[in-house]
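Fold and geometry: a report
Here's the letter readout for the chains.
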Amino acid sequence: MRPTQLLPAAVLTALLACPVRPVFADGGARVSPYRRPAQLQQPIAPTAAAHLEAARSALQTALGAMKNFDSPDATLNYGGHFARARMDTDNALTALTEAGAFVAAHPADNGLASGPVPAGEPGAPSLPGLPQTIADSPEAQAVDALHVALAALVNPPSNGNGGPVLGDLGGHRPKLIAAVAQIGSDLSNGLAYYKNVRGGGTGIIPLSAPANLSPDWKFGPTARTYLEKVKTLLDSLSQSLTANYPNRADSDPTQGGYVPKAQGDLRQAAEHLTAALTYLDTHHEAGVLMPGPAGPEPSKVRRDSRGLPAATANNRGVVALWPVRKQGNNPVRRLNEDTVRELNTILGWLLNNPSADYHGPVLGDLGGYRGKIMDDLGQTLADTRAAFDYVLGQGPAADAIPKPVTSP
């Protein structure tokens, strides 16, 4: 997959089972509509100090929302741009403290002047937009709070001698407005990355950004981020396949020997994954995501998109191809439709986008280990398919046929 990487947008959207955020504008499940919280609706007293405090409160609210994205999945989906937004928000809060100290030391600057707004007044920069109807989410909370902070710092255009008007505050206020604009740009890049590169969406309207936006150079994902995500998913699948199997007279818990065979495939994938991570320890340049389009892939393996077979009756009676989810207190897993789905998801994190016009980041060869891991997962898919055939009485047991040859 790639915050940088891989599959066409339609496929990527299907793969985004990440818990980071549902896809709102693009048809995902909706939650309660967003409502601006009460702390962002407080009236501001007519002093510079009160306006600075209102901006501070809003930025702290935005920062709290952004901390929801302090995870590997968020790094992958938002390209590290939200992490940069957090850093820039911290910087803006520091600048607000400095502005507050200036006002405290210059009481005359605390009062608000009457209008009109002076020439050269910094205008309100553009920020990501919230549609009238938007589902509640940390992204929406952060963007909305940023709008509130900006409104506390910018003098709205006025006619005649309207007011009151915030002063320059010793040069601090223009710098604060620029700081808020920078945070907005960071958030916009993250939203655009999620939409344009990862194939997801939040319903928020980002500012214009390149279709193949690069990850943030400091906080964005690297090849290691991808491999660690693969490791998490691979460990989960491997553990589920070692759970207790149902002891039923009408079923073979090993599914013709393919369950232990698939377990062996996954163990080999885990060994190659460990080797790939070790390789990155000494080959730091290999961890950098490269610009697309992708070159020839190191493995011919692709995701398995064929339809799944249905359980049927055979000479052993009615076969329950898919297992029950629980046996007592023990979770049960056999090679089933979930296995195919999870293997496809893991491969989605390893495959590069094959489109010739894709210029976003792609994963490299990683010392040859990426292809080996893909081969191992492809073998697991093949063994899962063979298990389906065996359970349905359409194929031999695993020890009756030679091991399929993986791609070079």
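Structure's up top.
Reference entry: report on the structure contained in this document. Nothing here was measured: the structure is a model prediction, and the numbers come from that model.

So, the packing of helix α7 (residues 223-241) against helix α8 (residues 258-282)
Relative orientation of the contacting elements α7 and α8 amounts to 155°, with a least axis distance of 10 Å. As far as their axial angle goes, α8 and α7 are roughly antiparallel. Classified by chirality, the crossing of α8 by α7 is left-handed. For the pair α7 and α8, the contacting residues are A223, R224, L227, E228, V230, K231, L234, L237, S238 and L241 in the first and V259, Q263, L266, A269, A270, L273, A276, L277, L280 and D281 in the second. Taken together, the residues that form the contact of α7 with α8 break down as 14 nonpolar, two polar and four charged.

Quick look at the side chain of K229
By the element assignment, K229 lies in helix α7. A relative accessible area of 13% means that K229 is categorised as buried. Setting aside its immediate chain neighbours within four residues, K229 contacts D73, L76 and W349.

A closer look at the pattern of salt bridges
Close approach of charged atoms lets side chains of opposite charge pair. Using the criterion set out here, one finds 13 salt bridges in the structure. Between D281 and R224 there is a salt bridge, and its shortest N-O distance comes to 2.7 Å. Taken together, the residues span a long stretch of sequence, with D281 in helix α8 and R224 in helix α7 at a distance of 57 residues. Owing to a relative accessible area of 43%, D281 belongs among the partly exposed residues under this scheme. Under the relative-accessibility criterion, R224 is labelled partly exposed at 25%. R385 is the salt-bridge partner of D304, the closest N and O atoms lying 3.0 Å from each other. With D304 in the loop between β1 (290-291) and β2 (313-314) and R385 in helix α10 (residues 369-391), this residue pair connects regions lying 81 residues apart in the sequence.

Some thoughts on the layout of surface pockets
Taken as a whole, the largest pocket spans an internal volume of roughly 350 Å³. Taken together, 20 residues make up the lining of the largest pocket; nearest its centre are P221, T222, G287, V288 and L289. For the lining of the largest pocket, a count of residues per class yields nine nonpolar, eight polar and three charged. Approximately 190 Å³ is the volume attributed to the second largest pocket. In this structure, the second largest pocket is lined by 13 residues; those nearest its centre are L40, Q42, I44, A54 and V148. Within the residue set of the lining of the second largest pocket, elements represented by two or more residues are α2 (48-66) and α5 (138-153). When the residues that make up the lining of the second largest pocket are grouped by side-chain class, the tally is nine nonpolar, four polar and no charged.

Focus: the packing of aromatic side chains
Applying the stated criterion to the full structure yields six aromatic pairs. Taken together, a centroid distance of 4.9 Å and an interplanar angle of 85° make the contact between F69 and F82 edge-to-face. Taken as a pair, F69 in the loop between α2 and α3 (72-78) and F82 in helix α4 (residues 81-105) lie far apart in primary sequence, 13 residues in all. By the burial criterion, F69 is buried, and F82 matches it. A centroid spacing of 4.4 Å and a plane angle of 15° characterise the contact between Y78 and F82, whose relative ring orientation is stacked. For F82, a relative accessible area of 3% corresponds to the buried category. Taken together, the aromatic side chains of F69, Y78, F82 and Y194 make up a single cluster linked through ring pairs. The cationic tip of R198 hangs over the ring face of W349; the distance from NZ or CZ to the ring centre is 5.6 Å.

Comments concerning unusual backbone geometry
With omega at 5°, the peptide bond leading from G292 into P293 counts as cis. In this structure, P293 sits in the loop between β1 and β2. One non-glycine residue, L169, lies in the positive phi region at around 55°. Its location among the elements puts L169 in the loop between α5 and α6 (172-196). Although it is not a glycine, L366 sits at a positive phi angle of roughly 55°. Position of L366 among the secondary structure elements: in the loop between β6 (361-362) and α10. Classification of L366 as buried rests on a relative accessible area of 4%.

With respect to α2
For α2, spanning 19 residues, the distance from its first C-alpha to its last is 27 Å, which sits close to the expected 27 Å at 1.5 Å a residue. All of the buried residues along α2 are A48, H51, L52, A55, R56, A58, L59, A62, L63, A65 and M66. For α2, the secondary structure elements touched by its buried residues are α4, α5 and α6.

A short note on the environment of G190
Inspection of the secondary structure puts G190 in helix α6. Each C-alpha atom, one on G190 and one on E139, is 9.9 Å from the other, the two residues being 51 residues apart in sequence. In this structure G190 touches Y78, H81 and F82, once residues within four positions along its chain are discounted.

Conventions used here
- Residues numbered from 1 in each chain as written.
- Predicted model: local features only at pLDDT ≥ 70, side-chain atom pairs only at ≥ 80, totals over all residues.
- Heavy atoms only, no water.
- Axes fitted to C-alpha atoms, helices over the stretch in contact; angles between N-to-C directions.
- Helix = DSSP H or I, 4+ residues; strand = E, 2+ residues; numbered from the N terminus.
- Parallel < 35°, antiparallel > 145°, perpendicular 65-115°, else oblique.
- Left-handed = near helix turned anticlockwise from the far one by under 90°.
- Contact = heavy atoms within 4.5 Å.
- Nonpolar A, V, L, I, M, F, W, Y, C, P; charged D, E, K, R; others polar.
- Buried < 20%, exposed > 50% of the residue type's maximum accessible area, 1.4 Å probe, protein only.
- Salt bridge = Lys/Arg side-chain N within 4 Å of Asp/Glu carboxyl O.
- 1 Å grid on protein atoms, 1.4 Å probe; cavity = no way out; pocket = protein on both sides within 12 Å on 5 of 7 lines; lining within 4 Å.
- Points joined across faces, edges and corners; volume = space filled by probe spheres on them.
- Phe/Tyr/Trp six-rings, centres within 6.5 Å; stacked < 30°, edge-to-face > 60°.
- Lys NZ or Arg CZ within 6 Å of the ring centre and 35° of its normal.
- Expected span 1.5 Å × (residues − 1).

Everything listed here is a matter of coordinates, which is why it stays silent on function.
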